[in-house]
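Here's the letter readout for the chains.
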Amino acid sequence: MVEVKRNISSERIRQSARHVLFVEGREGSIDPTALRILLPQIAIKPLGPASHIKSVASALHKHHPDYYFLIDRDHQSDDFVKKCWKNFPDPEKSNLLVWGRRSIENYFIIPEYLLKSQYLKRNVSRDELMSHIRECCVKRIYMEAANMVIVNIREECKESWVRLFTCLEEFDTKEKAIHKLDSIEKFTEQRKRISKLLSKKKRRILFREYTNMLTGEKREIEYGYGLWLDRIDGKKVLNSIIDSCFTISDLKGNSLHGIEKVNEVVKDLMRKDLKEQPRDFQKLYEIISKRVKES
């Protein structure tokens, strides 16, 4: 098992400075806060939303092979996520990695992981913590499924389904240009496809599929069934869990709240041994460490 290296020398830091992992969020958010503890041997730079990171990744990966990019899963398929991790680093894929769970926050709502924190209130038992996590997720389950339907339809509508014209000789008059546009059968095909995609029947089918995926086809969500812990909006759930079940004070004895409180719990957990971290955190450490070692 690979272990997290602590107290890395300044010389080694300088030697590894060319290795940069770009992540979602901004300074002070969870992504850079957590990953700077996990990966002290490289630079971690927040770069805003996933769309920005993907654009930068596409533009820079050929010129900076030691730049890496990590984004939330969002709507990405299982196959896409698995290929990112399996083929990394892949110059053809922008050295892009995608969390296996919906976002980094989803790893911090795993009950067994949260129980390792020293800041868990003493009167909160394992069963009470699990119950609170479940209750937070129950409230969100149907909205999450409905939003997944919207994202699915939105992504399908964005597909590049018709090619642009390239033969200039066929457009020497306005009439010919109009005729070329009118003759594209893809427009008719796409209108029919979009009509089906936006139909009430299709929306209800997708909603049922996503609900079953989240719940594991159970009437109510249960631990060990479905992907609700993986795919629900972990950001919203984590904030509620930390607010209700954890207590932290600053050096003056004042209680912390909001993002400060969340970040302290996150940092506490990230300082645990690598073998105590979620498997995806271990995998990330291992592949980045290998890249730095080979350079």
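Residues numbered from 1 in each chain as written. Predicted model: local features only at pLDDT ≥ 70, side-chain atom pairs only at ≥ 80, totals over all residues. Heavy atoms only, no water.

**Q** For this particular structure, what's the right way to read a nonpolar patch on the surface?
**A** The grouping of Phe165, Leu181 and Phe187 at the surface amounts to a nonpolar patch, some 270 Å² of accessible area in total. Among the secondary structure elements, Phe187 is positioned in helix 8 (residues 185–197). (Patch = residues over 30% accessible without salt bridge, like charges linked within 9 Å, V, L, I, M, F, W, Y side chains within 5 Å. Areas by Shrake-Rupley, 256 points an atom, 1.4 Å probe, with all protein chains shown as cover. Salt bridge = Lys/Arg side-chain N within 4 Å of Asp/Glu carboxyl O. Helix = DSSP H or I, 4+ residues; strand = E, 2+ residues; numbered from the N terminus.)

**Q** Is there a simple way to think about helix 2 (residues 30–38) in this case?
**A** Structural remark: α-helix, 3.6 residues per turn; residues separated by three or four positions point the same way. Burial analysis of helix 2 places eight of its nine residues in the buried class, the great majority of the element. Tucked inside the fold, the buried residues of helix 2 contact strand 1 (20–23), strand 2 (43–46), strand 3 (67–71), helix 11 (234–245), helix 12 (258–270) and helix 13 (279–294). (Buried < 20%, exposed > 50% of the residue type's maximum accessible area, 1.4 Å probe, protein only. Contact = heavy atoms within 4.5 Å.)

**Q** Looking at this model, I keep getting lost on the sheet that holds strand 3. Mind explaining?
**A** Spatially, 2-1-3-4 is the arrangement adopted by the four strands of the open sheet, whose pairing is parallel. In the strand order of this sheet, the two ends are held by strand 2 and strand 4 (96–98), each with one partner. Ignoring strand direction, the axes of neighbouring strands in this sheet form an average angle of 25°. As paired strands, strand 1 and strand 2 are joined by four bridges and run parallel to one another. In the sheet register, Leu21 faces strand 2, and the bridge partner there is Ile44. Of the strands in this sheet, strand 1, strand 2 and strand 3 are in contact with helix 2, which crosses strand 2 at around 175°. (Pairing = 2+ DSSP bridges. Axes fitted to C-alpha atoms, helices over the stretch in contact; angles between N-to-C directions.)

**Q** How should I be thinking about the confidence of the model for the protein chain in this particular structure?
**A** Fine structural detail should not be taken from predicted coordinates in areas where pLDDT scores are low. Across the protein chain, the average pLDDT comes to 89, with 93% of residues at 70 or higher. Of all helices and strands in the protein chain, the one with the weakest mean pLDDT is helix 1 (residues 10–15) (50), whereas helix 5 (residues 111–114) scores best (97). (pLDDT = per-residue confidence, 0-100.)

**Q** I tried to follow the nonpolar core on my own but got confused; where do I start?
**A** A general trend in soluble globular proteins is that nonpolar side chains are found buried together. Within the largest apolar cluster, 74 residues are counted, with the highest numbers of intra-cluster contacts made by Leu35, Phe108 and Leu284. Among the elements that make up this core, the one with the highest residue count is helix 6 (residues 126–157) (nine residues). Contacts of Leu284, omitting those with residues within four sequence positions, involve Leu35, Leu38, Leu39, Leu70, Trp85, Leu97 and Trp99. (Core = buried A, V, L, I, M, F, W, Y, C linked by side-chain atoms within 4.5 Å.)

**Q** What is the right way to read the packing of helix 2 against helix 12 from this model?
**A** Between two packed helices, both the angle of their axes relative to each other and the distance between the axes serve to describe the pair. Put simply, helix 2 and helix 12 touch, their axes get as near as 9 Å, and they point 20° apart. Comparing the axis directions of helix 2 and helix 12 gives the class roughly parallel. Seen along the crossing, helix 2 lies across helix 12 with a hand that is right-handed. On helix 12, the residues touching Ile30, Thr33, Ala34, Ile37 and Leu38 of helix 2 are Ile259, Val262, Asn263, Val266, Lys267 and Met270. (Parallel < 35°, antiparallel > 145°, perpendicular 65-115°, else oblique. Left-handed = near helix turned anticlockwise from the far one by under 90°.)

**Q** Sorry, what's going on with helix 12 here?
**A** With 13 residues, helix 12 should reach 18 Å at 1.5 Å per residue; the first-to-last C-alpha distance of 19 Å fits that figure. Residues of helix 12 that are buried: Lys261, Val262, Asn263, Val265, Val266, Asp268, Leu269 and Met270. Turning to helix 12, the residues buried within the fold contact helix 2, helix 5, helix 11 and helix 13. (Expected span 1.5 Å × (residues − 1).)

**Q** Hey, could you run me through the pairing of strand 3 in this one?
**A** Along any regular strand, the residues point their side chains to alternate faces of the sheet. Summarising burial for strand 3: five of the five residues are buried, a large majority. Sheet topology places strand 1 next to strand 3; four bridges connect them, and they run parallel. Pairing of Val23 across the sheet is with Leu70, part of strand 3. In the sheet, strand 3 pairs with strand 4 via three bridges, with the strands oriented parallel. The partner of Ile71 across the bridge, within strand 4, is Val98.

**Q** It is not clear to me how the packing of aromatic side chains should be interpreted in this structure. Could you clarify?
**A** The description of an aromatic ring pair uses the distance of the two centres, along with the angle that the planes make with each other. Considering all chains together, one arrives at 13 aromatic pairs under this definition. Aromatic pair Tyr113 and Phe281: ring centres 6.5 Å apart, planes at 75°, arrangement edge-to-face. Here the residue Tyr113 occupies a position in helix 5, and Phe281 occupies one in helix 13, the gap between them amounting to 168 residues. Since its relative accessible area comes to 3%, Tyr113 is described here as buried. Among the residues examined, Phe281 registers a relative accessible area of 0% and is labelled buried. Aromatic ring contacts, followed pair by pair, group Trp99, Tyr107, Phe108, Tyr113 and Phe281 into a single cluster. We note Lys218 situated over the ring of Tyr225; from NZ or CZ to the ring centre the distance is 4.3 Å. The residue whose ring lies beneath Lys283 is Trp85, and the NZ or CZ to ring-centre distance is 4.8 Å. (Phe/Tyr/Trp six-rings, centres within 6.5 Å; stacked < 30°, edge-to-face > 60°. Lys NZ or Arg CZ within 6 Å of the ring centre and 35° of its normal.)

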